[in-house]
Amino acid sequence: MNLSRQKCSPPTHLGELYVLPSPVAISAGETIGYLGLVETPGSLIGGKKSKHQVHLEVFTQDPRLDDVLANKAGTKGGATYAKVPADLILHEKKSEEGKSKWVATKDKSQEMLVESPKLEKDAAKQEWIYVSSDKYVKKEQIELLSQHDWLKIGFKKVDGSGSDGYLDPDAPPTFFTDLVKSFDTDGNGELSSEEIQAALQDSGNADQLHKLIIKHPSEWYEKSSASSYQWLDKLMTKIGLPDFDLLVDHEKQRIEKLEWMQSAATLKFGKDIWHIYPMAIYGKKKDRFFVHYTKYNYAIEKALDKQMAIPSKYAPKVGNNKLASRDEVLLHLTPDDDLTKDTIYQFLDLSKYSEVSEDELNKFLLGQGVLEGKGSIFISAAKKYNVSEVYLVSHASLETGRGTSRFARGKNFNGVKVYNMYGVNVRDDKPSLGTEYAYKNGWNSIDEAIGGGAKWISDNFVNHHKYKQNTLYKMRWNPASPGEHQYASDVLWAKHQIPNMKKRFDVFPNAILHVDILVYEE
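Thresholds, definitions, all that
Residues numbered from 1 in each chain as written. Predicted model: local features only at pLDDT ≥ 70, side-chain atom pairs only at ≥ 80, totals over all residues. Heavy atoms only, no water. 1 Å grid on protein atoms, 1.4 Å probe; cavity = no way out; pocket = protein on both sides within 12 Å on 5 of 7 lines; lining within 4 Å. Points joined across faces, edges and corners; volume = space filled by probe spheres on them. Nonpolar A, V, L, I, M, F, W, Y, C, P; charged D, E, K, R; others polar. Helix = DSSP H or I, 4+ residues; strand = E, 2+ residues; numbered from the N terminus. Pairing = 2+ DSSP bridges. Axes fitted to C-alpha atoms, helices over the stretch in contact; angles between N-to-C directions. Salt bridge = Lys/Arg side-chain N within 4 Å of Asp/Glu carboxyl O. Buried < 20%, exposed > 50% of the residue type's maximum accessible area, 1.4 Å probe, protein only. Contact = heavy atoms within 4.5 Å.

Below, the discussion takes up empty space enclosed by the protein. Taken as a whole and assessed by the stated rule, the structure comprises one cavity of 30 Å³ or more. In this structure, the largest cavity occupies an estimated 30 Å³ of space. Forming the walls of the largest cavity are Leu348, Asp349, Lys352, Ser354, Ser388, Phe505, Ile512, Leu513 and His514. Considered class by class, the residues forming the lining of the largest cavity number four nonpolar, three polar and two charged.

If you want it as structure tokens, here you go:
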């Protein structure tokens, strides 16, 4: 069942086991499958939750799994990694008389795996590997690996054979106990939803979990009458809640429909199989998005009431004139946190450093007048004032006409040449206010204007002491205090900024995009 646009066939044999008469060859990159309907009980009192999804699993009983883990075949290609040991001396790249020089620091490396490592050479042809945060190590000190070196890049087997699928809270297995301890940040012995969410958002934790290859009985192997599902009846007796038996019956019905491995006898599956997380073997590049969720003490209905109570002169509008209806306000007030959509850029956290190297910034600034070669100045300002360096560079480039405007080249005020790189306090009807502001703040050099302007953006916008409106969404809707200190009345204002924001960050494909998505109180 190929879902590519060239060949699209409707699914057949739905609701029944169908073994293909002969194998079907699937090429790399080919789309196969269909969106199946998944339904789960809503609660003990009834209802259901439904969604369509493609279910993808990779599993094996091949006895040669250990050979694959060790890359015994010596397979090359795909993603590359640098395995950096701990305690190596870290170096920083400096520029002296137009030449790059690597200087030792007092810092030492931590053990890490760097995906798609960047390689640079100095004048003596010494090769350097970029590790993180403008730090380098010598190439000969690390081991270069491919995505096929599974053991060396962190894959690990965990044998859970014999498990019946029930996690007994009174006697949890050691593996699960250790996992809970590593996630339990407050040390109270229990995991909250916030702790689990925070742990899984940590790229290091997620990477380790994704690389676990676990052997356990498949839920596709047996019917609900099998001895391995006796725990369901025991659980029903232990819980003793009204109508809990209905939920158990539903689960048994689900299990009945899942079994197919024994029915497909020609495939000769055993009960215990090794399960592999599909995306872990894909060798994908590092995540572009790092997602953080911020909770607010407003229910969305209460926030909506606050928006609708704003006096008509400043009330929510569609465009500049038409007053927005309650439904129109709710539509755009409701966060759309789908990472596959461009709407995610309204939640881009402009207070976070994006980890773009000095070289990448300087390539972008090449030929941009007085901004050329100023990558290190933008990076320093970004780190000092907690503003994305990508945002600062893009903002300065836009405001100064790629480093060529009068403000970029300097204007005289009271006999002093001053600079203004971000259009701070510049008004179309009175541009001299921008010159005066630069003079009062001592922006008498290009570097001072880059750093001083970054401080102004931080203090007045992304790190404001009271409102902390570090995203387009927060600038428009101010979830910390709905109806106050909002930058526009147009309900579409934040979404109108998305194309320009995306364009700025797309210039730097290696930039890390920190996303701050709000969660309204339920």
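A separate point is unusual backbone geometry. With the exception of glycine, the majority of residues adopt a negative phi angle, and the majority of peptide bonds are in the trans configuration. A positive phi angle, near 70 degrees, is found at Lys125, a position not held by glycine. Looking at the element boundaries, Lys125 is found in the loop between strand S8 (119–121) and strand S9 (127–132). Notably, Glu355 is not glycine yet its phi reads approximately 60 degrees, a positive angle. Looking at the secondary structure, you find Glu355 in the loop between helix H8 (326–333) and helix H9 (358–365).

Spatially, S6-S5-S10-S9-S8 is the arrangement adopted by the five strands of the open sheet, whose pairing is antiparallel. Of all strands in the sheet, those with a lone pairing partner are strand S6 (99–108) and S8, marking the two edges. The sheet shows a mean angle of 45 degrees between the axes of neighbouring strands, direction not considered. Looking at chain direction, S9 and strand S10 (residues 135–138) are connected through four bridges and run antiparallel. When the sheet's bridge partners are listed, Tyr130 is paired in S10 with Tyr136.

As a further point, take the pattern of salt bridges. This structure, assessed with the given rule, holds 23 salt bridges. Between Asp207 and Lys211 there is a salt bridge, and its shortest N-O distance comes to 3.2 Å. Exposure remark for Lys211: the relative accessible area of 6% places this residue in the buried category. Among the salt bridges present, the one from Lys374 reaches Asp447, with a minimum N-O distance of 2.8 Å. Separated by 73 residues along the polypeptide, Lys374 in the loop between H9 and helix H10 (375–385) and Asp447 in helix H14 (residues 446–462) bring together distant segments of the chain.

Before going further, it helps to spend a moment on the environment of Val114. If you trace the backbone, Val114 turns up in strand S7 (residues 112–115). Judged by its relative accessible area of 10%, Val114 is buried. Once the C-alpha coordinates of Val114 and Gly403 are considered, the two residues, 289 residues apart in sequence, prove to be 35 Å apart. Those residues in contact with Val114 that sit more than four places away from it in its chain are Thr80, Tyr81, Ala82, Val84, Tyr130 and Val131.

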